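Here is what each chain is made of, one letter per residue.
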Amino acid sequence: MRIGEPELRKLQENIVRSHAAGVGEDLGDEVVRLVILMKLMALARGHSGVRLELVETLAALLEHGVCPRIPAKGSAGASGDLAPLAHLAGVLIGESEARVGTELLSGDEALRRIGLEPMRLAPKEGLALLNGTQVSTALALAAAFRAENVLAAALVAGAISTDAIKGSDVPFDPRIHELRGHHGQIAVAGVLRDLMHGSEIRASHLDCDRVQDPYSVRCQPQVMGACLDNLRHAAALLETEANAVTDNPLVFPDSGEVLSGGNFHAEPVAFAADILALAVAEIGSLSERRTALLVDPHLSRLPAFLVHDSGLNSGFMMAGITAAALTSENKGLAHPASVDSIPTSANQEDHVSMATHGARRLHDMLDNLEHIVAIELLAAVQGIEFHRPARSSGALEEAISAVRRISPPYTEDRSLAGEINGVATLIATGGFRDYAAAVLVSSL
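The text that follows walks through the structure, step by step, so that each part is easy to find. (Residues numbered from 1 in each chain as written. Predicted model: local features only at pLDDT ≥ 70, side-chain atom pairs only at ≥ 80, totals over all residues. Heavy atoms only, no water.)

## Remarks on the overall build of the protein
Put simply, the rule reads: Secondary structure elements follow DSSP: runs of H or I no shorter than four residues count as helices, runs of E no shorter than two count as strands, and numbering proceeds from the N terminus. A 1.4 Å probe rolled over the protein chains alone gives each residue an accessible area, and that area as a share of the maximum for its type sets the label: buried under 20%, exposed over 50%, partly exposed in between. Only heavy atoms enter the contact rule, under which two residues are in contact if any of them lie within 4.5 Å.
On a plain count of helices and strands, the protein comes out with 18 helices and seven strands. In terms of overall dimensions, the protein has C-alpha extents of about 85 × 45 × 35 Å along its principal axes. Burial status across the protein gives 52% buried among its 444 residues. For the protein, restricting intrachain contacts to residue pairs at least 6 apart in sequence, the fraction spanning at least 24 positions comes to 81%.

If you want it as structure tokens, here you go:
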């Protein structure tokens, strides 16, 4: 329907109000700030038909720490992230809610707290705020940041596990990986070599009778390298999207044209999220297999369940089962979201990306993965105890000490829940990032 010019301002407010229909838990403030930043960047490109005042108001939200309360669920990732972005836009017109520090305020009060008045949106400004892929992209970017930290920790865990079972570092020889040529594989092999360099434990069994290690140890460069390549590819997609103009219609001031297209469709973000999901699931799958290897005396040649008197003590048995449960859960969550289109808006939006759900579920997967790798780290460090006084490499001994500050040696049964959470927090906060800094995605 054609709307008369006197009602265009009212239309913008109606769009914001009617589209603010999100549900579920709130997005975290770090994600909301990414959303505001990317919306600000997109509008500042000058193709969205908005006033400078709107861009400056968005900048003020960032500068003064105002975080609109945005429910996490309600976007199909088609005509932009309509519902969540409407909750952001609502604050600009003095509605919805926002956090300022620890306080949850009405949109009107939040604006006045930082010296601003609610805006009266001009024609096109409501559309420009609601159309766009900023929420799905922010969720996916935040997941990519987290995935880097866990990938680094998983490489450290894998190297310690290799030493704990007296595994070989020959499979990490650069000549093997150069013949295949995959960049991630070559990079991961290099990290593993560096991590194990100088290990007394490795030197103690150079002439042992073991022919080959299980794939979860031997094929770390091939599996983790593929995960790294996927992370890099997803990061490149998301970097492009983060700098894109994705509302509609778009204004081309040089020619005076206004063109209606479909940049709001979030299929690139959905694909990036699905790619990240595959990597997250596989990092966990490999880590869980190494934990299972460590607790199995027939394969690891360590005491059963990594504890003496294993009949009296259960040791790491239940920690291994927790890792298995989380790994299986991640396999289900890794199902691609991008193939699950559902028509909306009376079939006008007859194909949707589901990018927002695809990106949001990554954080559940990463919660699981941080704990899966934490369990392996605890188990691998415990495995090293049985080789004392021999020492691992300098780098790995540093990592072992970081784990030991949270978890002392396991001599008899105790609850590991708090220690698992403690190491998971260390992973999440980048505690192992420096050990793999050379392979992480610098552009992120």
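## Thoughts on the nonpolar core
As a rule of thumb, soluble globular proteins bury nonpolar side chains together. What counts is decided by this rule: Buried Ala, Val, Leu, Ile, Met, Phe, Trp, Tyr and Cys residues that are joined via side-chain atoms within 4.5 Å together make up what is termed a nonpolar core.
L61, L129, I160, F316, V373, L377 and I427 are the most contacted members of the largest nonpolar core, which has 130 residues in total. Per element, the largest residue contribution to this core is 20 residues, and it comes from helix α7 (residues 134-164). Discounting residues that sit within four places of it in the chain, L129 has contacts with K39, L43, L54, L58, L85, A89, L92 and L121.

## Focus: the packing of aromatic side chains
Quick reminder of the rule: Each pair of aromatic rings taken from Phe, Tyr and Trp, with Trp reduced to its six-membered ring, is defined by centres within 6.5 Å and is described as stacked if the planes are under 30 degrees apart, edge-to-face if over 60, and tilted in the remaining cases.
Under the counting rule described, the total for this entry stands at two aromatic pairs. Arranged with centres 5.3 Å apart and planes meeting at 55 degrees, the rings of F316 and Y410 form a pair that is tilted. Of this pair, F316 sits in the loop between α14 (297-300) and α15 (317-333) while Y410 is found in the loop between α17 (394-404) and α18 (417-428), placing the two residues 94 residues apart along the sequence. Of the two residues examined, F316 and Y410, each falls in the buried class. Ring plane angle 35 degrees and centroid distance 6.4 Å describe the contact between F432 and Y435, whose orientation is recorded as tilted.

## Some words on the pattern of salt bridges
So the rule is basically this: Salt bridge, as used here, is a side-chain nitrogen of Lys or Arg placed within 4 Å of a carboxyl oxygen of Asp or Glu.
Across all of its chains, the model carries 26 salt bridges by this definition. Its salt-bridge partner being E419, residue R414 comes within 2.9 Å of it at the nearest N-O pair.

## Some details on α18
Selection criterion: Take the number of residues in a helix, subtract one, and multiply by 1.5 Å to get its expected span. Directions drawn from the helix axis to the C-beta atoms are what define this arc.
Spanning twelve residues, α18 covers 16 Å between terminal C-alpha atoms, matching the ideal 16 Å at 1.5 Å per step. Within α18, burial applies to E419, I420, V423, A424 and I427. Along α18, the residues classed as buried sweep out an arc of 135 degrees about the axis, all on the same side. Elements that come into contact with the buried residues of α18 comprise α7, α15, α16 (355-385) and α17. Immediately downstream of α18, the backbone of G430 shows phi near 80 degrees, a positive value.

## Some points on the side chain of E241
How we decide: Within this scheme the basic residues Lys and Arg register as positive and the acidic residues Asp and Glu register as negative, but His and the chain ends are omitted. N or O atoms within 3.5 Å of each other form a polar contact, as long as, within protein, one can give a hydrogen and the other can take it, and as long as residues adjacent in sequence are counted only when both atoms are side-chain atoms.
On the secondary structure map, E241 appears in helix α12 (residues 220-242). Here E241 is buried and forms no salt bridge, its nearest opposite-charge partner R45 lying at an N-O distance of 9.9 Å. At a separation of 2.7 Å, a polar atom in the side chain of E241 contacts the side chain of T133. Other than its neighbours up to four places away in sequence, E241 contacts T133, T137, T246, P268 and V269.

## Let's talk about the sheet that holds strand β2 (residues 66-68)
Think of a sheet as strands paired side by side through backbone hydrogen bonds, with each pair either parallel or antiparallel. Definition in use: Two strands are counted as paired when DSSP detects at least two bridges linking them. Lines are fitted to the C-alpha atoms to define the axes, a helix being fitted only along its stretch in contact, and any angle between axes, read from their N-to-C directions, falls within 0 to 180 degrees.
An order of β2-β4-β5 is seen for the three strands of this open sheet, with the pairing classed as antiparallel. The open sheet has two free edges, formed respectively by β2 and β5 (103-106), since each of these has just one partner strand. For this sheet the average axis-to-axis angle between neighbouring strands, irrespective of direction, equals 35 degrees. The strands touched by helix α2 (residues 29-44) within the sheet are β2 and β4 (97-100), with β2 carrying the most contacts at an inclination of about 95 degrees.

## Concerning unusual backbone geometry
Of note, the amide linkage connecting N248 to P249 takes the cis form, showing an omega dihedral of -5 degrees. In this structure, P249 sits in the loop between α12 and β6 (250-252). Here R388 and P389 are connected by a cis peptide whose omega angle stands at 15 degrees. Following the sequence through the fold, P389 ends up in the loop between α16 and α17.

That is the geometry; function is a separate question.
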